[in-house]
Amino acid sequence: MDRYLLVVSTVCFLAAVVHTAIELRAGVFRPMRFNFFAVALGFIFQTAFLSVRGHQLGRCPLTNLFEVFIFLAWSVAAIYMLVGPGYRLSLMGAFTAPLVVLLQGFALIALIDVRHPAKLRANPWLEFHASISLVAYGVFALACIAGVMYLVQERQLKTHQLYSIFYHLPPLTDLFAAITRLLWWGFVLYTLGIVSGFFTGHPLPRVQVVAAIGVWLLYAVILQGRHLRWLAPKRVAALCIIGFSAAVTLLWGITFTAEMNPLP
Amino acid sequence: MNLFCIGLSHHTANVATREQFAGSATAESIVREAGCTEALLLTTCNRVEVYAVSHKRISTDEIARCLMRKIDTDPHDYARPFYRYEADKCVQHLFRVASALDSMVVGESEILGQAKKAYESARKSGAAGPCLHRLFQRAFRVAKQVRTHTEIARGAVSVGSVAVDLAQRIFGKLGDCKVLVLGAGETSERTARALVSRGARDLRVSNRSMDRACEVAQAVGGRTVPFEEWPTQCREIDILITSTASETPLLTRDKLAPMLRERLDRPLFIVDIAVPRDVDPSVNELEGVYLYDIDSIRSVAEQSLALRRQQVAAAEAIIAEHVTDFANSISQGLHHAARATEHPSLGENSLRASEL
């Protein structure tokens, strides 16, 4: 039954995507309230789903790949709701919604909602580790989206080909400032996630730990490069996309391994 | 009761013809001479139009005669470029004019202000009564709706406004931007003024002739930089506007690249208005540098215009809705107007009431 909440949530995000597509096609795109409200409504249904599922499980709903995808989509929407209006990145909703639709759509269609036969024991450290890491992934996802927006605008400015969407993108310098802030937030949260992983009381698979530290190092290098000014903004934006791709691959790997070798 | 519009514009007459009819008449004089109940004269550099209400039919020639500067000339010669719209067509035409669909530069913003001014002048003189009041108030509303609900006014279409628009797309607020004006020509001065009007405060002017540099610096509230020192400014400036008479490029990729290393995280926006160009085109390939020469600025302006033209259909749809709606109430409005003629000293309160 809880899946219906998710279907409604996905429809809300899909409405934002379709609306944006129609507007862009007509060449009259405006970063209107519709996107924000559609995302907000979708977020409410996501939260309701996670709440219902959490009550059923008696713990944080992060027990299989399906729930991980939904939690990640929820993080992305939550961070957008936090930073989008604050940084006047209203257009980010147009970029956020497709990502959420992809994540939730895949989770709903693929047969990955496999319930554990036995009720899992609550482990606060493990739940903190998983949830904080996923929120960090959500922040990195937003940094990735801001990176795409930066590259789109940069490309149009360089080639002198300005399309309707150009006039709705935030200024390059504002966008870059938002990317930097998101990277810092994500980095701090991700660090907390990695550190808390060592307190879960379970032996951590070496490959996962190495891969997680690899992703952490990649973001550390991006931030260091930004701080020391030897990475140009365009490269930082491109690295945000690469970094998030690496993080998602790692997330998939971790969840897949965890499902193969479930924790007691 | 007839509602009509008689006029001529850049579509039907050249400037020599238009100037024959601009400036001599007033709304009051048209009411008096042509025998209209109400009249309003809209005169801009691109059009001379009379919007009027009358009991009897007034010919185009009569209005042309009222507008004409040289009364000894045969009015029939001049009446040819005039167009005439009546009732619904007149309403539609005014809505199109106010929404800048009929303008030379589609979507320009001046026409709405000019229409408001013309209305205000006619109202004050008593030439505009309740019928024109309702018509023009609705026209202003339509124009606002068109601007809000379509992208008819999107993008800039002149050199100065394109430059400022792009600068804002790159830097956001211009208050913290450092601007160097290289070469104190008229266009660069205009562009600098446009930047100042949008908040730019730190302006430096460099020119071979120091006197002219001082003049421009004073005009835009900036300071002068000796011409020999301008290259070093590239380390710290954010916007460079250049328009010197140099025959060879002053700024090349090799000169600029080392300076950019010190400012990697800050974009540099260059507007090169000079012909021949002051900045080597390969500079645009450098990371973080956005170079726009006069052709690319024109191309952006044309893209903006194309974008605006795409919006005409959407704007026409909004106008059509309002024309139908207004047509339903116009007979009632004309009835009110007929009554108003019996009370020529109609005040502002009555006008407001008629609008309500």
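Thresholds, definitions, all that
- Note on numbering: residues in each chain are counted from 1, in written sequence order.
- Written order determines the labels here, with chains lettered from A and ligands numbered from 1.
- Per-residue local features of the predicted model are confined to residues with pLDDT of at least 70, and side-chain atom pairs are confined, for both listing and counting, to 80 or more; whole-chain, interface and lining totals are unaffected and use all residues.
- Secondary structure is summarised from DSSP: a helix means a run of H or I of at least four residues, a strand means a run of E of at least two, and numbering begins at the N terminus for each.
- Buried, partly exposed and exposed are defined by the number of other C-beta atoms within 10 Å of a residue's own C-beta, namely 20 or more, between the two limits, and 12 or fewer respectively, with C-beta atoms placed from the backbone.
- Remark: residues whose backbone-derived C-beta atoms lie within 7 Å of one another are considered to be in contact.
- Whether two strands pair depends on DSSP finding at least two bridges between them.
- Consider the strands pointing away from the viewer: the crossover is right-handed when the path from the first strand over the helix to the second runs clockwise.
- Comment: arc refers to directions from the helix axis out to C-beta atoms.
- Lines are fitted to the C-alpha atoms to define the axes, a helix being fitted only along its stretch in contact, and any angle between axes, read from their N-to-C directions, falls within 0 to 180 degrees.
- By convention the nonpolar core is taken to be a set of buried residues drawn from Ala, Val, Leu, Ile, Met, Phe, Trp, Tyr and Cys and joined through C-beta atoms within 7 Å.
- Orientation labels follow simple angle bins: below 35 degrees gives roughly parallel, above 145 gives roughly antiparallel, 65 to 115 gives roughly perpendicular, and whatever is left gives oblique.
- Crossings are classed by handedness, with left-handed meaning an anticlockwise turn of the near helix from the far one by less than a right angle and right-handed meaning a clockwise turn.
- Amino acids outside the nonpolar list (Ala, Val, Leu, Ile, Met, Phe, Trp, Tyr, Cys, Pro) and the charged list (Asp, Glu, Lys, Arg) are all regarded as polar, and Gly is one of them.
- pLDDT measures the predictor's confidence residue by residue and takes values from 0 up to 100.

Visitor: Give me the lowdown on the overall build of chain A, citing residues and values where you can.
Guide: If you tally the helices and strands in chain A, you get eight helices and zero strands. When burial is assessed residue by residue, chain A has 43% of its 264 residues classed as buried. If you take every contact in chain A between residues at least 6 apart in sequence, the share linking residues at least 24 apart comes to 82%.

Visitor: Can you lay out the pairing of strand β5 (residues 178–182) of chain B for me, pointing to particular residues and giving the numbers?
Guide: Residue and element names in this part refer to chain B. Judged by how many residues are buried, β5 sits mostly within the fold: four of five residues are covered. Here β5 runs beside strand β6 (residues 202–206); their pairing, made up of five bridges, is parallel. When the sheet's bridge partners are listed, Val 181 is paired in β6 with Val 205. Once you follow β5 into helix α9 (residues 186–197) and on to β6, the crossover reads as right-handed. Across four bridges, the pairing between β5 and strand β8 (residues 239–242) is parallel. Looking across to β8, one finds that Leu 180 is bridged to Leu 240.

Visitor: Can you break down helix α10 (residues 210–220) of chain B residue by residue, with the values?
Guide: Residue and element names in this part refer to chain B. Turning to α10, its buried residues number three or more, namely Ala 213, Val 216, Ala 217 and Val 220. Projected down its long axis, α10 shows its buried positions confined to an angular sector of 100°, all on one face. Opposite the packed face of α10, turned more than 90 degrees from it, sit the exposed residues Asp 211 and Gln 218.

Visitor: Report on the sheet that holds strand β1 (residues 2–9) of chain B, specifying residues and quantitative values.
Guide: Where strands meet in a sheet, backbone hydrogen bonds hold them as pairs that are either parallel or antiparallel. All names here are of chain B. Pairing is antiparallel across the open sheet formed by four strands, whose spatial order is β2-β3-β1-β4. A single partner strand is all that each edge strand has here, and the edge strands are β2 (38–43) and β4 (83–86). Within the sheet, the average angular offset between the axes of one strand and its neighbour, ignoring direction, is 15°. Note that β1 and strand β3 (residues 47–54) share eight bridges and pair antiparallel. Counterpart to Ile 6 in the pairing with β3 is Val 50. Those strands touched by helix α2 (residues 27–34) are β2 and β3, and its axis lies near 135° from that of β2.

Visitor: With reference to specific residues and values, describe unusual backbone geometry.
Guide: Between Val 275 of chain B and Pro 276 of chain B the backbone carries a cis peptide bond, its omega angle lying at 0°. Within the secondary structure, Pro 276 of chain B sits in the loop between β9 (268–272) and β10 (289–293). Phi is positive for His 160 of chain A, which is not a glycine, with a value near 65°. Its 18 C-beta neighbours within 10 Å are what place His 160 of chain A among the partly exposed residues. In this structure, Ala 100 of chain B is a non-glycine residue whose phi angle is positive, near 65°.

Visitor: So, the sheet that holds β5 of chain B: which residues are in play, and what are the values?
Guide: Residues and elements named next belong to chain B. Read across the sheet, six strands follow the order β7-β6-β5-β8-β9-β10 without closing on themselves; strand pairing throughout is parallel. Either end of the sheet is taken by a strand with one partner, and the two such strands are β7 (223–224) and β10. Pairing geometry for β8 and β9, over four bridges, is parallel. Looking at β9, one finds that Ile 241 is bridged to Val 271.

Visitor: Could you give an account of the nonpolar core, with specific residues and numbers?
Guide: Judged by nonpolar contacts, the single largest core of 125 residues is most densely connected at Ile 179 of chain A together with Ala 167, Val 179 and Ile 270 of chain B. By residue number, the principal contributor to this core is helix α5 (residues 124–159) of chain A, which donates 18 residues. Apart from residues lying up to four places away in sequence, Ala 167 of chain B is in contact with Leu 174, Cys 177, Leu 195, Ile 239 and Phe 269 of chain B.

Visitor: Talk me through the packing of α9 of chain B against α10 of chain B; I want residue IDs and the actual numbers.
Guide: Residue and element names in this part refer to chain B. In contact at an axis separation of 10 Å, α9 and α10 are set at 25° when each is read in the N-to-C sense. Put simply, α9 runs roughly parallel to α10. Both α9 and α10 take part in a crossing whose hand is right-handed. Listed contacts from α10 to Glu 189, Ala 192, Arg 193 and Val 196 of α9 are Val 216, Ala 219 and Val 220. Residue classes in the contact of α9 with α10 are distributed as five nonpolar, no polar and two charged.

Visitor: I'd love a proper account of the interface of chain B and chain A, names of residues and values included.
Guide: Frequently, the measure chosen for interface size is the accessible area that the parts lose on association. Listed as interface residues are 25 residues of chain B and, on the opposing side, 17 residues of chain A. Of all elements in the fold, only α8 (159–171), β10 and α13 (294–310) of chain B reach the threshold of two or more residues within the side of chain B that touches chain A. No other element matches α13 of chain B, which puts six residues into the side of chain B that touches chain A. The residue inventory of the side of chain B that touches chain A, partitioned by class, reads nine nonpolar, eleven polar and five charged.

Visitor: So, the confidence of the model for chain A: which residues are in play, and what are the values?
Guide: Confidence in the prediction of chain A, expressed as mean pLDDT, is 84, and 87% of residues score 70 or more. The lowest-confidence element of chain A is helix α3 (residues 65–86) of chain A, averaging 83 in pLDDT; the highest-confidence one is helix α6 (residues 172–197) of chain A, averaging 92.

Visitor: Which residues make up helix α3 (residues 60–67) of chain B, and what values go with them?
Guide: Residues Ile 63, Ala 64, Cys 66 and Leu 67 of chain B constitute the buried set of α3 of chain B. One side of α3 of chain B holds all its buried residues, which, seen down the axis, span an arc of 160°.

Visitor: I'd love a proper account of the environment of Phe 176 of chain A, names of residues and values included.
Guide: On the secondary structure map, Phe 176 of chain A appears in helix α6. Along the backbone, Phe 176 of chain A and Lys 234 of chain A are 58 residues apart, and their C-alpha atoms lie at a distance of 8.9 Å.

Visitor: Give me the lowdown on the environment of Gly 172 of chain B, citing residues and values where you can.
Guide: Checked against the element boundaries, Gly 172 of chain B lands in the loop between α8 and β5. The exposure class assigned to Gly 172 of chain B is partly exposed, which follows from the 18 C-beta atoms found within 10 Å. The spacing of Gly 172 of chain B and Ala 274 of chain B is 102 residues in sequence and 26 Å in space, taken between C-alpha atoms. Those residues in contact with Gly 172 of chain B that sit more than four places away from it in its chain are Pro 171, Thr 173 and Asp 174 of chain A.

Visitor: Quick one: what's the story with the environment of Arg 253 of chain B, residue by residue and with numbers?
Guide: Residue and element names in this part refer to chain B. Take Arg 253: it is sitting in helix α12 (residues 253–260). Looking at Arg 253, the number of C-beta atoms within 10 Å reads 17, which means it is partly exposed. The contacts of Arg 253, once residues within four sequence positions are left out, are Asp 280, Ser 282, Val 283 and Leu 286.

Visitor: Tell me what's going on with the confidence of the model for chain B, and back it up with residues and numbers.
Guide: Residue and element names in this part refer to chain B. Of all residues in chain B, 90% attain a pLDDT of 70 or more, and the chain-wide mean is 85. No element of chain B has a lower mean pLDDT than helix α15 (residues 348–355), which averages 42, and none a higher one than β5, which averages 95. Note that pLDDT drops below 50 for residues 343–356; the model gives that stretch 13 contacts with residues more than four away or on any other chain. Reported for the predicted complex are a pTM of 0.72 and an ipTM of 0.75.

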